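Summary of structural features
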Amino acid sequence: MQQYGSGEASNGERPLSCNTSSPVPALASRVRRFAQERRAVPQPRVMVVFSAQAETDKPGDAMSSSDSAEDDFRKPAIPMPNLNVGKPLRTLNASQEFPEVIPLNVGGTYFTTRLSTLRRYEDTMLSAMFSGRHHIPRDAEGRFFIDRDGAYFGDILNFLREGELPQRERVRAVHREAQYYAIGPLLDSLEDTQPLTGEKVRQAFLDLLPYYKDNLERIVEIAKLRAMQRKARFAKLKICVYKEEMPITPYERPLFNSLRFERSESEAKLFEHHCEVDVSFGPWEAVADVYDLLHCIVSDLAERGITADQQCIGVCDKHLINHYYCKRPIYEFKITWW
């Protein structure tokens with residue numbers, strides 16, 4: 001290493017004293033000299049050494065104590081930004097507390113019940129609403145408000161209180177409300193009573209006719225279009241309802257013990273045809289007969305507020321082959337709109 005004497009250094013600068021015992025006065029003198037000559041103070045080179053906790057106090061580290069003091073002197077203090085200035089600290093809302101007696105306003109109908117009644121069954125909407133984890137609005141009188149029709153909420157409360165089920169004519173409506181509030185025990189109890197049990201049986205039969213709902217929509221659309229075109233109060237449609245896959249003549253029926261019988265593929269094609277009707281239902285395999293399906297059609301139309309009357313007006317007399325005729329029954333449906 002090149003040694004400098006007491007004179008000027010090779011670059012024209014005066015060297016610092018090598019006395020390490022007091023580095024601060026020499027460092028201050030150098031800073032003042034740079035300030036007088038209007039020269040920028042050179043920034044120190046900093047080496048960051050990662051070491052274990054046990055090795056930090058060992059002698060011979062990459063940065064000596066004098067270097068650390070010089071770095072601290074040269075590097076200005078930079079204040080850390082205050083990220084919370086002007087922003088209030090967020091605090092979690094405590095769980096909402098409920099009184100033991102709960103006043104309710106369900107769609108404008110008032111009820112009063114105990115908090116334990118609403119929490120009777122877990123995993124229900126009412127239990128979650130009054131668990132304290134959710135905010136529930138109140139009306140002007142302070143009642144807890146539920147934006148739902150309250151006509152059948154009393155039946156819901158009666159079941160939560162003592163397991164009471166609604167009357168038969170209210171079962172369907174209460175079942176819809178139980179679905180909304182997700183009350184599983186009430187749903188199970190209602191589905192085991194009439195008329196929901198009968199609806200299960202009926203639906204099992206209708207599942208044999210995958211086109212049933214589409215044909216029902218077709219009946220409504222055709223009847224509406226004809227009534228509007230004719231400016232009439234009602235419309236008439238021809239609907240074929242048949243159960244057998246193959247047509248059977250009166251001469252042929254006594255020869256078979258069942259409604260289904262085997263024919264070759266070529267013979268089956270001879271019997272394929274479409275009756276000249278608006279909508280056709282069939283065939284299907286079940287004990288339920290044609291009159292059962294007619295009852296389903298009329299009932300489902302009535303559920304939609306549509307009045308339908310039906311009567312048999314004959315059979316399809318289309319000639320197929322030899323002495324075989326179609327013989328499928330044809331019904332006239334009268335759809336009244338007002």
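Here, every reference points to the structure presented above.
Starting afresh in each chain, residues are numbered from 1 along the sequence in its written order. Reporting of local features is limited, given that this is a predicted model, to residues whose pLDDT is at least 70; pairs of side-chain atoms are given and counted only at 80 or more, and all residues count toward the totals for whole chains, interfaces and linings. To get the side-chain values, take all heavy atoms of the structure and skip hydrogens and water.

**Focus: the packing of helix α6 (residues 171–181) against helix α7 (residues 184–191)**
Helix packing geometry: the angle between the two helix axes and the distance between the axes. In this analysis an axis means a line fitted to C-alpha atoms, helices contributing only their contacting stretch, and an angle means the value between N-to-C directions, from 0 to 180 degrees. Runs of E in the DSSP output that reach at least two residues are strands. Runs of H or I that reach at least four are helices, and both are numbered from the N terminus. Two elements in contact, α6 and α7, have axes whose closest approach is 9 Å; the angle formed by their N-to-C orientations is 155°. Here α6 lies roughly antiparallel to α7, going by the angle between them. With respect to the hand of their crossing, α6 and α7 are arranged in left-handed fashion. Facing α6, whose interface residues are V171, V174, H175, A178 and Q179, α7 presents L186, L187, L190 and E191. For this classification, Asp, Glu, Lys and Arg are treated as charged, while Ala, Val, Leu, Ile, Met, Phe, Trp, Tyr, Cys and Pro are nonpolar and the rest, including Gly, are polar. Residues that form the contact of α6 with α7 fall into these classes: six nonpolar, two polar and one charged. Our angle categories are set so that under 35 degrees counts as roughly parallel, over 145 as roughly antiparallel, 65 to 115 as roughly perpendicular, and the remainder as oblique. Note on convention: the crossing is left-handed when the near helix lies turned anticlockwise from the far helix by less than a right angle, right-handed when the turn is clockwise. Here, two residues are considered to be in contact whenever any of their heavy atoms come within 4.5 Å of each other.

**Comments concerning unusual backbone geometry**
Looking along the chain, the bond that leaves Q194 and enters P195 is cis, with omega of 5°. Relative to the assigned elements, P195 resides in the loop between α7 and α8 (196–206). The step from G282 to P283 runs through a cis peptide bond, and the omega angle for that step is 0°. One non-glycine residue, K231, lies in the positive phi region at around 55°. When you line up the elements, K231 lands in the loop between α9 (212–230) and β4 (234–241). Burial status follows relative accessibility: with a 1.4 Å probe on protein chains alone, a residue under 20% of its type maximum counts as buried, one over 50% as exposed, and anything between as partly exposed. Taking relative accessible area as the criterion, K231 reaches 70% and is therefore assigned exposed. Its identity as a non-glycine residue notwithstanding, K327 has a phi of 65°, on the positive side. Residue position: K327 is located in the loop between β8 (324–325) and β9 (329–336). On the accessibility criterion, K327 (36% relative accessible area) is partly exposed.

**Focus: α8**
Residues L196, R202, F205 and L206 constitute the buried set of α8. Buried residues of α8 fall within an arc of 160° about the axis and therefore sit on the same side. Contact partners of the buried residues in α8: α6, α7, α9 and α11 (290–303). The arc in question is traced by the directions running from the helix axis to the C-beta atoms.

**What to know about the side chain of R202**
Of note, R202 is situated in helix α8. In contact with R202, other than residues within four places in its own chain, are Y212, C296 and D300.

**Here's the deal with α6**
Residues of α6 that are buried include every one of V171, A173, V174, H175, E177, A178 and Y181, and no others. Among the structural elements, β1 (101–106), α4 (125–129), β3 (144–146), α5 (153–162), α7 and α8 are those in contact with the buried residues of α6.

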